[in-house]
Amino acid sequence: MQLKNPILGLCQQAKFMLSAAKVDQCPDDAGFEVAFAGRSNAGKSSALNTLTHANLARTSKTPGRTQLLNFFLLDDDRRLVDLPGYGYAKVPIPLKQHWQRHLEAYLGSRESLKGVVLLMDVRHPMTEFDTMMLDWTVASGMPMHILLTKADKLTHGAAKNTLLKVQSQIRKSWGEGVTIQLFSAPKRQGLEEAYRTLANWLELEDKAQQ
Ligand code: GDP
């Protein structure tokens with residue numbers, strides 16, 4: 001892919017920074033941050049790895065790093081944040097409550113957070129976790145970009161139908177601040193559109209024009 005902007009280079013040099021179990025353990029709230037969220041198995045690790053050409057998300061799944069927020073440094077001012085993706089049935093209730101409380105606080109209070117990327121399996125969109133994330137993100141006045149992952153598992157027509165259906169449902173219930181696209185990690189489908197959103201939120205666009 002021939003991207004003129006520096007987002008590709010920055011993503012390729014992403015490095016694990018720290019894990020935070022609570023909002024007060026986050027790095028200084030300065031610069032620009034983009035957070036990734038998705039119910040477990042939605043394809044978040046695969047998407048993060050494809051976007052960064054690294055093994056970031058496996059890092060997030062290693063013991064001791066399965067905390068609330070995993071921060072990855074792109075440069076001195078910019079970070080990607082991996083949020084916990086949990087299947088409701090699998091996570092003990094006290095941990096779920098802890099995550100909900102702190103996630104909501106993070107989304108509601110983090111000045112440097114410029115947008116949230118929400119990942120949904122195109123075959124199982126709009127789970128309870130997804131509507132909760134939509135509610136919190138939109139209530140915080142934060143832009144959201146949805147990746148409908150595993151698009152390669154459906155025919156082109158079926159994937160497109162799901163995209164249109166989910167898009168219309170979201171517009172009706174959550175308004176215009178949410179954008180959505182199809183994505184496939186193995187096919188590298190939708191990469192350019194996803195990078196464009198990241199570059200925009202991380203304020204890398206001006207440099208892209210140079
Ligand atoms: P996470 O729990 O959200 O981090 O999900 P993973 O990235 O670990 O993916 C869960 C499963 O879905 C794994 O078996 C992946 O190989 C598979 N997967 C993830 N993204 C894609 C995709 O775009 N296409 C296909 N065919 N499989 C995918």
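Residues numbered from 1 in each chain as written. Predicted model: local features only at pLDDT ≥ 70, side-chain atom pairs only at ≥ 80, totals over all residues. Heavy atoms only, no water.

Participant: How would you sum up the overall build of the protein chain? Please name residues and give values.
Facilitator: Of regular secondary structure, the protein chain possesses eight helices and seven strands. By the burial criterion, 51% of the 210 residues in the protein chain qualify as buried. The long-range fraction of contacts in the protein chain, counting pairs at least 24 apart against all pairs at least 6 apart in sequence, stands at 76%. (Helix = DSSP H or I, 4+ residues; strand = E, 2+ residues; numbered from the N terminus. Buried < 20%, exposed > 50% of the residue type's maximum accessible area, 1.4 Å probe, protein only. Contact = heavy atoms within 4.5 Å.)

Participant: Got a sec to walk through the sheet that holds strand E3 (residues 69-75)? Specific residues and values, please.
Facilitator: For sheets, the rule is that strands pair by backbone hydrogen bonds, running either parallel or antiparallel. The sheet built from seven strands is open, its strands ordered E1-E3-E4-E2-E5-E6-E7 with mixed pairing. Of all the strands in the sheet, just strand E1 (15-20) and strand E7 (178-182) have a single pairing partner and so form its edges. Averaged over all pairs of adjacent strands, the angle between strand axes in this sheet comes to 25 degrees, irrespective of strand direction. Note: strand E5 (residues 113-121) against strand E6 (residues 144-149), six bridges, orientation parallel. For aspartate 121, the partnering residue across the bridge sits in E6 and is threonine 149. Helix-sheet contacts for helix H2 (residues 44-52) involve strand E2 (32-38), strand E4 (78-82), E5 and E6, and the interaxial angle to E2 is about 145 degrees. Seen against the sheet, helix H7 (residues 191-201) touches E2, E5, E6 and E7 and runs at an angle of roughly 160 degrees to E5. (Pairing = 2+ DSSP bridges. Axes fitted to C-alpha atoms, helices over the stretch in contact; angles between N-to-C directions.)

Participant: Got a sec to walk through the packing of helix H4 (residues 93-109) against helix H5 (residues 128-139)? Specific residues and values, please.
Facilitator: In contact at an axis separation of 9 Å, H4 and H5 are set at 35 degrees when each is read in the N-to-C sense. Two packed elements cross with a definite hand, and for H4 against H5 that hand is right-handed. Contacts between H4 and H5 pair Gln100, Leu103, Glu104 and Leu107 from the former with Met132, Met133, Trp136 and Thr137 from the latter. (Left-handed = near helix turned anticlockwise from the far one by under 90°.)

Participant: Break down H4 for me, with residues and values.
Facilitator: For H4, spanning 17 residues, the distance from its first C-alpha to its last is 24 Å, which sits close to the expected 24 Å at 1.5 Å a residue. Among the residues making up H4, those that are buried are Lys96, Trp99, His102, Leu103, Tyr106 and Leu107. For H4, the buried positions fall inside an angular range of 145 degrees around the axis, keeping them on one side. In H4, the exposed positions angled more than 90 degrees off the buried face are occupied by Ile93, Pro94, Arg101 and Gly108. (Expected span 1.5 Å × (residues − 1). Arc of directions from axis to C-beta.)

Participant: Go over unusual backbone geometry with me, naming the residues and quoting the values.
Facilitator: Positive phi values are uncommon outside glycine, yet asparagine 41 reaches one of about 80 degrees. Within the fold, asparagine 41 resides in the loop between E2 and H2. The exposed category is assigned to asparagine 41, whose relative accessible area is 68%. Phi is positive for arginine 188, which is not a glycine, with a value near 55 degrees. Structurally, arginine 188 is set in the loop between E7 and H7.

Participant: Break down the environment of arginine 78 for me, with residues and values.
Facilitator: When you line up the elements, arginine 78 lands in strand E4. Its relative accessible area of 7% is what places arginine 78 among the buried residues. Along the sequence, arginine 78 and alanine 30 sit 48 residues apart, while their C-alpha atoms lie 8.7 Å from each other. What arginine 78 contacts, discounting residues up to four positions off in sequence, is Leu10, Phe32, Phe72, Leu73, Leu202, Glu203 and Leu204. Only 3.4 Å separates the side chain of arginine 78 from the backbone oxygen of glutamate 203, close enough to count as a polar contact. (Polar contact = N/O pair within 3.5 Å; in protein donor to acceptor, adjacent residues only side chain to side chain.)

Participant: Describe the pairing of E6, naming the residues involved and giving the relevant values.
Facilitator: Most of E6 sits out of view: six of its six residues are buried. By the alternation rule, side chains of E6 split into Met144, Ile146 and Leu148 and His145, Leu147 and Thr149, which are all buried. Where E6 meets E7, five bridges bridge the pair, whose relative direction is parallel. Bridged to isoleucine 146 within E7 is isoleucine 180. In terms of handedness, the path from E6 via helix H6 (residues 156-174) over to E7 forms a crossover that is right-handed. (Right-handed = clockwise from strand over helix to strand, strands pointing away.)

Participant: Report on the site of the ligand, specifying residues and quantitative values.
Facilitator: In the vicinity of the ligand there are 15 residues, among which Asn41, Lys44, Ser45, Ser46 and Asp152 approach most closely. Within the backbone of asparagine 41, a nitrogen or oxygen atom sits 2.7 Å from an oxygen atom of the ligand. Note that an oxygen atom of the ligand is positioned 3.2 Å from one of the backbone N or O atoms of alanine 42. Contact with the protein chains removes 72% of the 570 Å² of surface that the ligand exposes when unbound. Counting residues per element, the shell around the ligand draws most heavily on H2, at three residues. Looking at side-chain class alone, the shell around the ligand contains three nonpolar, six polar and six charged residues. (Near = heavy atom within 4 Å. Areas by Shrake-Rupley, 256 points an atom, 1.4 Å probe, with all protein chains shown as cover. Nonpolar A, V, L, I, M, F, W, Y, C, P; charged D, E, K, R; others polar.)

Interpretation in functional terms is not warranted from these geometric data alone.
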